[in-house]
Amino acid sequence: MNENNFYITTPIYYVNDRPHIGHAYTTILADTLARYHRLLGVPTHFLTGTDEHGQKVQNAAAKSNTAPLDYCDKVILTFSNLWKDLNITNDDFIRTTQERHKQVVSQILQNLYDKGEIYKAAYSGWYCVGCEAYITEKDVKCGESGNEHLCPNCGRALEQRNEESYYFKMGQYQDRLIQYIQDHPEFIQPTKFRNETLGFLTSKDSNGNRNKLNDLCIGRPKERLSWGIPLPFDNNFVTYVWFDALVNYISAIGYLRNDEEFGKWWPVNFHLIGKDILKPHTVYWPTMLMAMGLPLPKTVFVHGWWLTNDTKMSKSLGNVIDPREFLASHGCDALRYYLSAAMTIGQDANFTRYLFNLKYNSDLANTLGNLVNRAFALLEKFNGGFVPEVENLEDEASAELREKTIGVAKALGGTPDNPGYIDKLELDKALADVMAAVRAGNAYVDSQKPWVLAKEGKVEEQARIIRNLLEALRIVSGLLYPVMPNKMTELRLALGLSQDEVEPVYSKLTTWSGLKPGSKVTKIPPLFPRIDYEAIWGPLVDDAEPKAEKPAKKEKKAAEAPQVYEPVTIDDFSKVCLMSAQILSAEHIEGAKKLLKLQIATGKGEDDTRQIVSGIAQWYTPEQLVGKSIVIVANLQPVELRGVKSYGMLLAAKFGENLRLVTLDGSLPPGSIVG
Ligand code: MSP
């Protein structure tokens, strides 16, 4: 029984598709989490692979005039090579066409058949070839003509089928599964997906009776589909793809083959899945495991979709974005960073090249790049490029930087009673916190001005500032290592750490003073050179991308040059009521690409809410805004924008193409007066 180890899986990918951003996301997420656990010193096993049987693959192979296995052998390379290029450290890669897998599937089927868990019966119903599943009458969607029967999942036309097949007695586990989900809140996360599965399992018909969970058809007649694992008790049938595919999670780790290995990793800590495959993972799979007498996964963790133009990215819709596109221009680490930082787990996010480049420039090129450049340049100029020996690293400003940086490391790791970002899979929050620590490093240089100290001959103080900066960089580079292993390796080596120390150890990230005084720090070329969108992709023409408001030359100059403003008196200023507010929800306004409609709280009571319309859609997605504590002008005359009333204005700072909201540096209730 897996007590102290960490086992994480991705879905196994269909080989009829080329990998896109959506596939890359799940795999990068799993890789990053696996790397964080290794960093925490936990024995880790990370599994990914490919799902190679079924109608879709059979059709795709036939279309390319290839035998199915030859076709799979070729296509899996597009996945395995991409994983190499994305620096994915999976411990195993399972293919459902491998003997080790097929044998276990056969054995499980035979065992369940012998136990009476599988039976043969006739069935007639609506079948979706795309999803390879029967659709129950109540779920069938009606087409526009009124005569078409469409799949509720993929929208394809359904076929009426009458056939004999084999069924797994899934329905008998309905009560047990409901009870299990209710008793184990951690089993399906985030909660909204737990509620979705519970909603499905406990739904009622129009008479108020609970809908029964159907048995699962697990056979497909060979005459129609030959590309599958034969049912061991009836050679005229092959196994339904989901019954075959889900077993990969246990066949790969030695189920029925190697008890010791299997016991080491099962039950799995996290099955990472996209929300499209919630039902197979939270209904089919747990009931299959119950029938086998195995413990259920600790957590099925569900993420949202990457969208293009608000639509799920998928091959059938022809709107996929190839991850390789970004490898040459921005590098693997930039893509890993963006995908990890820009999606809040459980929610959907739009992928646009514009937003990707914007975040690259602001977080990596500017914020992090700036800190690295400044620390290295100052060290070179004033300390000859060697880590300075400093007797006392302490002073007030340094203590603040140290607490902040180490605080982030601790927030990532958490404690047994208080799980950290990693255990909660809140990578976006973890990375936002790391970036806040980097900003604190930049602010520390600004406030401490080591160049002034050097000029004044305060050698010890100057050296202390630089040394503390380097320590902050050591910790930050360690925290970012699981997300950006290539660039952080470069940075850590440049900081004078040895090859053995490149891969960080968690305990060293929660302690200061880990660099060796006197070791050489090597100046390196910028880790993340600034990238101009247009230099890579040309003018912004794609509708999927927000039109960047290109600042007129004149405007840009004005932003950079010191400005002279008309003075106002304090009385003038006091006419403006500024207050803090919290964003409760945000949504797009139809037909107005730049605008977002926000509901905000301006106090604690239920009535203290109001609506504000703001032109920030090109910088923030609605998901990124919810929960933020902002500052608003509360007494502005209400206006109507695109037919929507706006009661106030939020404050934001703009420089060139970048815009950031003014937020509170700590927690105060909404409605606090700003002045
Ligand atoms: N083969 C099945 C899974 C079997 S697991 C036992 C399958 N394969 S898939 O290739 O179609 O998709 C696998 C996963 O890719 C999805 O669940 C999801 O994790 C990821 N994504 C595919 N498209 C996606 C997006 N547009 N956005 C985010 N992830 C999505 O389903």
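Residues numbered from 1 in each chain as written. Predicted model: local features only at pLDDT ≥ 70, side-chain atom pairs only at ≥ 80, totals over all residues. Heavy atoms only, no water.

Caption draft 1: Here's a closer look at the layout of surface pockets. Taken as a whole, the second largest pocket spans an internal volume of roughly 1,900 Å³. Along the wall of the second largest pocket there are 48 residues; nearest its centre are Ala432, Arg439, Tyr620, Lys628 and Arg660. Looking at the lining of the second largest pocket, the elements that each hand over two or more residues are helix 12 (332–342), strand 19 (349–350), helix 13 (353–383), helix 15 (427–448), helix 24 (622–625), strand 27 (652–655) and strand 28 (658–661). For the lining of the second largest pocket, the element with the highest residue contribution is helix 15, accounting for eight residues. Residues belonging to the lining of the second largest pocket are distributed by class as follows: 22 nonpolar, 14 polar and twelve charged. (1 Å grid on protein atoms, 1.4 Å probe; cavity = no way out; pocket = protein on both sides within 12 Å on 5 of 7 lines; lining within 4 Å. Points joined across faces, edges and corners; volume = space filled by probe spheres on them. Helix = DSSP H or I, 4+ residues; strand = E, 2+ residues; numbered from the N terminus. Nonpolar A, V, L, I, M, F, W, Y, C, P; charged D, E, K, R; others polar.)

Caption draft 2: Inspection of the packing of aromatic side chains at higher detail. Across all of its chains, the model carries 33 aromatic pairs by this definition. A centroid spacing of 6.2 Å and a plane angle of 10° characterise the contact between Phe262 and Trp266, whose relative ring orientation is stacked. A relative accessible area of 11% places Phe262 in the buried class. An aromatic cluster is defined as three or more aromatic residues linked by ring pairs; in this entry it consists of Tyr25, Trp306, Phe326, Tyr338, Phe351, Tyr354, Phe356, Tyr533 and Trp537. Above the plane of the ring of Tyr127 lies Arg224, whose end atom (NZ or CZ) is 5.3 Å from the centre. Taking the ring centre of Trp305 as reference, the NZ or CZ of Lys275 above it sits at 4.6 Å. (Phe/Tyr/Trp six-rings, centres within 6.5 Å; stacked < 30°, edge-to-face > 60°. Buried < 20%, exposed > 50% of the residue type's maximum accessible area, 1.4 Å probe, protein only. Lys NZ or Arg CZ within 6 Å of the ring centre and 35° of its normal.)

Caption draft 3: Examining the pairing of strand 28 more closely. Going residue by residue along strand 28, you find Leu659 and Leu661 tucked away on one face and Asn658 and Arg660 left uncovered on the opposite face. In this sheet, strand 28 lies alongside strand 27 in antiparallel orientation, the contact comprising four bridges. When the sheet's bridge partners are listed, Phe655 is paired in strand 28 with Asn658. Counted between consecutive antiparallel strands, the loop separating strand 27 from strand 28 contains two residues, among which Gly656 sits at a positive phi close to 55°. (Pairing = 2+ DSSP bridges.)

Caption draft 4: Local environment of the state of the cysteines. One pass over the full model with this rule turns up zero disulfides. The structure places no disulfide on Cys142, whose sulfur is separated from the nearest cysteine sulfur, that of Cys151, by 14 Å. (Disulfide = S-S within 2.5 Å.)

Caption draft 5: Seen up close, unusual backbone geometry. Note the cis peptide between Gln189 and Pro190, where omega equals -10°. As for its position among the elements, Pro190 is in the loop between strand 10 (188–189) and helix 6 (191–201). That bond from Trp266 to Pro267 is cis: its omega, 5°, falls within 30 degrees of zero. Residue position: Pro267 is located in the loop between helix 9 (259–265) and strand 15 (270–274).

Caption draft 6: A look at the nonpolar core. The biggest cluster of nonpolar side chains holds 133 residues, and the ones touching the most others in it are Trp306, Leu339, Phe351, Leu368 and Phe376. Ranked by the residues each element gives to this core, the list is headed by helix 13, at 14 residues. The next biggest cluster of nonpolar side chains, apart from the first, holds 61 residues, and it includes Tyr7, Ile12, Ala252 and Trp265. (Core = buried A, V, L, I, M, F, W, Y, C linked by side-chain atoms within 4.5 Å.)

Caption draft 7: Structural detail: helix 6. Within helix 6, the full set of buried residues consists of Phe193, Arg194, Thr197, Leu198 and Leu201. An end-on view of helix 6 places all buried positions within 140° of arc, on one side of the element. Structurally, helix 6 contributes buried residues whose contacts are with helix 5 (174–183), strand 10, helix 10 (278–292) and strand 16 (299–303). (Arc of directions from axis to C-beta. Contact = heavy atoms within 4.5 Å.)

Caption draft 8: Spatial organisation of the sheet that holds strand 19. The three strands are arranged 18-17-19 in an open sheet whose pairing can be described as mixed. Each having just a single partner strand, strand 18 (311–312) and strand 19 make up the two edges of the open sheet. Of the pairings in the sheet, the one linking strand 17 (residues 306–308) to strand 18 comprises two bridges and is antiparallel in character. Across the sheet, residue Thr308 finds its bridge partner in strand 18, namely Thr311.

Caption draft 9: A look at the site of the ligand. In the vicinity of the ligand lie 25 residues, with Ile12, Asp51, Ile277, Trp306 and Met313 positioned nearest. Between the ligand and the protein, one listed contact pairs a nitrogen atom with a backbone N or O atom of Gly22 at 3.4 Å. Alone, the ligand offers 660 Å² of accessible surface; in the complex the protein occludes 95% of this. Elements supplying a minimum of two residues to the shell around the ligand: strand 2 (13–14), helix 1 (21–39), helix 7 (241–246), helix 8 (248–251) and strand 15. (Near = heavy atom within 4 Å. Polar contact = N/O pair within 3.5 Å; in protein donor to acceptor, adjacent residues only side chain to side chain. Areas by Shrake-Rupley, 256 points an atom, 1.4 Å probe, with all protein chains shown as cover.)

Caption draft 10: Molecular detail of the packing of helix 12 against helix 15. Between helix 12 and helix 15, the shortest axis-to-axis distance is 6 Å and the interhelical angle comes to 110°. What the angle tells us is that helix 12 and helix 15 run roughly perpendicular. On the side of helix 12, the interface is formed by Tyr337, Ser340 and Ala341, while helix 15 contributes Leu427, Asp428, Leu431 and Met435. Of the residues contributing to the contact of helix 12 with helix 15, the split by class is five nonpolar, one polar and one charged. (Axes fitted to C-alpha atoms, helices over the stretch in contact; angles between N-to-C directions. Parallel < 35°, antiparallel > 145°, perpendicular 65-115°, else oblique.)

So yeah, pure geometry; function would need other evidence.
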